[in-house]
Structures are given as structure tokens and as C-alpha cells.
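Listed here are the chains, written in short residue letters.
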Amino acid sequence: MDLSMLNPQQRIAAETLEGPVLVLAGAGSGKTRALTYRVANLIDHGIDAGSILALTFTNKAAREMKRRIEALIGPDAEYAWISTFHSTCARILRRDIEKLGYSRSFTIYDDDDQTTLVKAILKQLNIDDSFLSQRDVKHAVSEAKNALKTPDEWFSSSDRSYRSQMLHDIMVQYGTRLKAMNALDFDDMLMKTLELLSEHPPVLESYRNRFQYVLVDEYQDTNYAQYEFVRLLTAQSGNLCVVGDDDQSIYGWRGADIRNILDFAKDFPAATVIKLEQNYRSTANILDAANQVIAHNFGRMEKALWTEKPEGELIRVYEGGDEREEAAWVADRIRGFYKSGIRYGSFAVLYRNNAQSRVLEEMLSRSGIPYRIFGGLRFYDRKEIRDVLAYLRTINNPSDDLSLRRIINVP
């Protein structure tokens, strides 16, 4: 393995193998490269791959990390646990969840299943959707679980209004129904794993002994439950390496706690802090603009991205009178570039939410510009797929009433 392929800061990150490490990685600074080289370097130094746990936020990121490590070190990488928080917790729970009163054949409910269950509870308690929406209930349930609070603890820290009392009652009913159906939702994956590790010291001890080196990608997006999970696992070894960027924290609405990365050096006083500031992705003009905007953020760790790339084109801003004028401008620009020899597949149009695509699609169609929409209805969200999965869930977990009700009249 050739560490000379890394820049000086990336190399320090790859070679600092012991103790707590914070790699503060700016956008496009090669953080995945530093992380994969670090895992490969651990194995190259004789560390058993099975004692390494690398946590990410998406399955795609986990697969990419594993592929890169295997390319560096060979088949030994196969024995390292490289997966998402939820996948890791699912593996732990499948082995020992019986200690919490569940069966190992438990079902994992997704957002759609959760909505169905909440809807049934609201109907049973005769609560009108205009008073308490399904979305509000799901948000409160998720917020409580990510903060590791029971319904009673959540209510104690609330405003104790009539609405909060209703939410508390729904939470209690929700938890009772989930357990009766031998089911967990996504937030339960972490909460129940922490419950298992906290209440059963031999289980915690076995995983502490197993995972001597823990790495976390996108640490700025971790919530309190995820923070507690990695803290528990590494309390004995102290070998925790986290990679992230406080300037890229955008998931506060989903429970992410920016303090996890800002207070890392405070939580782990012996921590080594390494900054990756060389950007390999963008031109100088884009970086300069980004640095000047980010400089206005409060509560951030100081860093300045730089690049060896040329200045590049200037950033252009267009302000339309309304969405139709904006869409017409986009179509006109694409048509103009196409006439100069640039193919249609070279363009990307980004928008904030799916509702904004309608006007853009209309203008592109009128202009005769072919396009593809990405991020529409996912494969596993299609009715026929969900029906098939409901059959399989019912076979695997006969207690899963929610899946049974979905398919009882669907031959």
C-alpha cells in the first residue's frame, strides 16, 4: 500500500491509528480516501479486520468504502464490519434481542408502515387529524427516541399541554402495539441496541472486546443516540476516529446534533484534530464564494478550503420574476448550449422539492428537450412490491398484524 498517494494531512489521518481522532474534512477534500486508507493501514499493521467497525449513513457509501479498502488491502477487508448505523444495530439485535422480550424474527417497519400504524391509533383514540396530524405524531415519536427518552420522560420535558398529553398517550400505544407485533421502527434500531448494551453488560463487553477500532463517517450528521452508541463501544479502547465537517451539517431537522462534532475535543480531551483543507473537486472561484458564505456561520471550527485548480468560470446568478420565467430561462440556456455542440446529457437541473419539477418539465417539453427525472417513486415504495413484502413478512413473523391486514384481501 502506497501512502505517498495521499497529501500530507490525509497521510497523518491514515497513520494516526491509536486514540481518539477527529478528521475535519472540508467538501471535496478526499475524506473517503483518508478513511479507507486508514482502515487499510490498520489491517496492514496487523490489526485483525474483524475488530474494525466503520459506520456510514447510506448503504451506497458503505459499499463504496468496502470496495476501496478491498482494492487496497485485498480479501482481508471482507471481515471488517463496514455498514450503516441501522444495519449494524440490526445485526446486533438479530443475535440478542430475545433478552429484551422480542423474537429474532422481528419485522422492521419503514416510514409507510409507521404511517399506517399511527393512522390506526389516531382512529382508535378518536383524534382528529386537524388537531394532531400523522406527521406531527411521527416527528414526536422520532424526536423522543433519538433523544433516548421514554414517553414519560418526553412528556416531563414538554410543555405538558393537552396536546402533549395526547402525544404521550399515542407514544405509549404505539410502543405497545409495535412490541405486540414483534416489530421495530428505524429509530428503535438504535434505541433498542443501546437498551440491550446498557442493560446486559456481558453483551456490551463482548462487542467492546470485538470492536477495538471504530470509525464514523459524516459525524456532523449523528444524533444523540448515535453518539451514545459509539461512546459506549469505545469507552474501553478509546480508539474512535470520526470524519466530518461542521459546515456541511444540514440534518438538524432530522435530529442531527452539531455539538457532537464541535465538542469532540472536549468529550475526548486526548483527541488528535486533523484538518483536510485541500479541495480536489471545485475551481478557485467556486471555493472563494463558498468560503465567504460559510465564514458567516456561527459556532464553526475554523478552516479555509483551497485548491490547486485554476480559477475557472465565474458564478452566475439569475433571478426570475416567477417560476415560469425561471423555467423558461433554464430551457433557453440548455437549448443555446446544445446548439453550440454540448449534448443534453451534460446538464443537470436541481430543485428543492419534487413539486417544483412540474413547471420545469412543462418548459423542457415545450422546447423539445429530452429529460429524465431522478428520485421519483422508489422501487420498494410501489404497491405491488410492498404487497409481496407484506406476504413474506407475515410468513416470517406471524405476529405482524400490520402486514397481515395489508394482504388479507389481496390475492
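Here the structure is a predicted model, which is why all the values come from computation and not from measurement.

Engineer: Go over the sheet that holds strand 7 (residues 240-244), please, and point to the residues and values.
Structural biologist: Taken in spatial order, the six strands line up as 3-2-6-7-1-8 in an open sheet, and their pairing is parallel. Strands at the two margins of the open sheet, each flanked by one partner only, are strand 3 (81-84) and strand 8 (272-276). Across the sheet, the axes of successive neighbouring strands diverge by a mean angle of 15°, strand direction being ignored. Bridge analysis of strand 6 (residues 213-216) against strand 7 gives three bridges, and the strand direction is parallel. Looking at strand 7, one finds that Leu215 is bridged to Cys241. Of the strands in this sheet, strand 2 (52-56), strand 3 and strand 6 are in contact with helix 4 (residues 85-96), which crosses strand 3 at around 110°.

Engineer: Requested: an account of helix 6 (residues 134-146), with residues and values cited.
Structural biologist: With 13 residues, helix 6 extends 18 Å from end C-alpha to end C-alpha; this agrees with the ideal 18 Å at 1.5 Å per step. Against helix 5 (111-124), helix 7 (151-156), helix 8 (162-180), strand 5 (183-185), helix 9 (186-199) and helix 11 (224-234) lie the buried residues of helix 6. After helix 6 finishes, the residue Leu148 shows a positive phi value of roughly 60°.

Engineer: If you had to explain the pairing of strand 7 to someone new, which residues and values would you point to?
Structural biologist: With five of five residues buried, strand 7 is to be regarded as a mostly interior element. Of the two faces of strand 7, both are covered, the one formed by Leu240, Val242 and Gly244 as well as the one formed by Cys241 and Val243. Looking at chain direction, strand 1 (residues 21-25) and strand 7 are connected through four bridges and run parallel. Within the sheet, the bridge partner assigned to Leu22 lies in strand 7 and is Val242.

Engineer: So, the layout of surface pockets: which residues are in play, and what are the values?
Structural biologist: Computed from the structure, the second largest pocket encloses a volume of approximately 880 Å³. As for the second largest pocket, its lining consists of 23 residues, and the residues nearest its centre are Trp329, Val330, Arg333, Ala348 and Val349. Every element with two or more residues in the lining of the second largest pocket is listed here: helix 15 (323-339) and helix 16 (357-366). Looking at the lining of the second largest pocket residue by residue, the classes come out as 16 nonpolar, one polar and six charged.

Engineer: Please set out unusual backbone geometry residue by residue, giving values where relevant.
Structural biologist: In this structure, Leu148 is a non-glycine residue whose phi angle is positive, near 60°. Located in the positive-phi region is Asn182, a residue other than glycine, with phi close to 55°. Here Asn182 shows up in the loop between helix 8 and strand 5.

Engineer: Describe the packing of aromatic side chains, naming the residues involved and giving the relevant values.
Structural biologist: A ring pair, where both rings are aromatic, is described by two values, the distance of the centres and the angle of the planes. Inspection of the entire model under this criterion finds 11 aromatic pairs. Among the aromatic side chains, those forming a connected cluster through ring pairs are Phe57, Phe85 and Phe229. Here the basic side chain of Arg91 rests over the ring of Trp81, its NZ or CZ set 3.7 Å away from the ring centre.

Engineer: Quick rundown of the side chain of Thr193? Include the residues and the values.
Structural biologist: Residue placement: Thr193 occurs in helix 9. The residues touching Thr193, leaving out its near neighbours within four places in the chain, are Cys89, Ile92, Leu93, Asp188 and Phe229.

Engineer: Could you give me a rundown of the packing of helix 4 against helix 10 (residues 201-210), with the residues and numbers involved?
Structural biologist: Here helix 4 crosses helix 10 at 135°, and the two axes come no closer than 12 Å. It follows from the interaxial angle that helix 4 and helix 10 lie oblique. Crossing angle aside, the handedness with which helix 4 passes helix 10 is right-handed. Here Ile92, Arg95 and Asp96 of helix 4 lie close against helix 10, whose contacting residues are Val203, Tyr207 and Arg210. The residue inventory of the contact of helix 4 with helix 10, partitioned by class, reads three nonpolar, no polar and three charged.

About the cut-offs
Residues numbered from 1 in each chain as written. Predicted model: local features only at pLDDT ≥ 70, side-chain atom pairs only at ≥ 80, totals over all residues. Heavy atoms only, no water. Pairing = 2+ DSSP bridges. Helix = DSSP H or I, 4+ residues; strand = E, 2+ residues; numbered from the N terminus. Axes fitted to C-alpha atoms, helices over the stretch in contact; angles between N-to-C directions. Contact = heavy atoms within 4.5 Å. Expected span 1.5 Å × (residues − 1). Buried < 20%, exposed > 50% of the residue type's maximum accessible area, 1.4 Å probe, protein only. 1 Å grid on protein atoms, 1.4 Å probe; cavity = no way out; pocket = protein on both sides within 12 Å on 5 of 7 lines; lining within 4 Å. Points joined across faces, edges and corners; volume = space filled by probe spheres on them. Nonpolar A, V, L, I, M, F, W, Y, C, P; charged D, E, K, R; others polar. Phe/Tyr/Trp six-rings, centres within 6.5 Å; stacked < 30°, edge-to-face > 60°. Lys NZ or Arg CZ within 6 Å of the ring centre and 35° of its normal. Parallel < 35°, antiparallel > 145°, perpendicular 65-115°, else oblique. Left-handed = near helix turned anticlockwise from the far one by under 90°.

These figures come from the coordinates and say nothing about function on their own.
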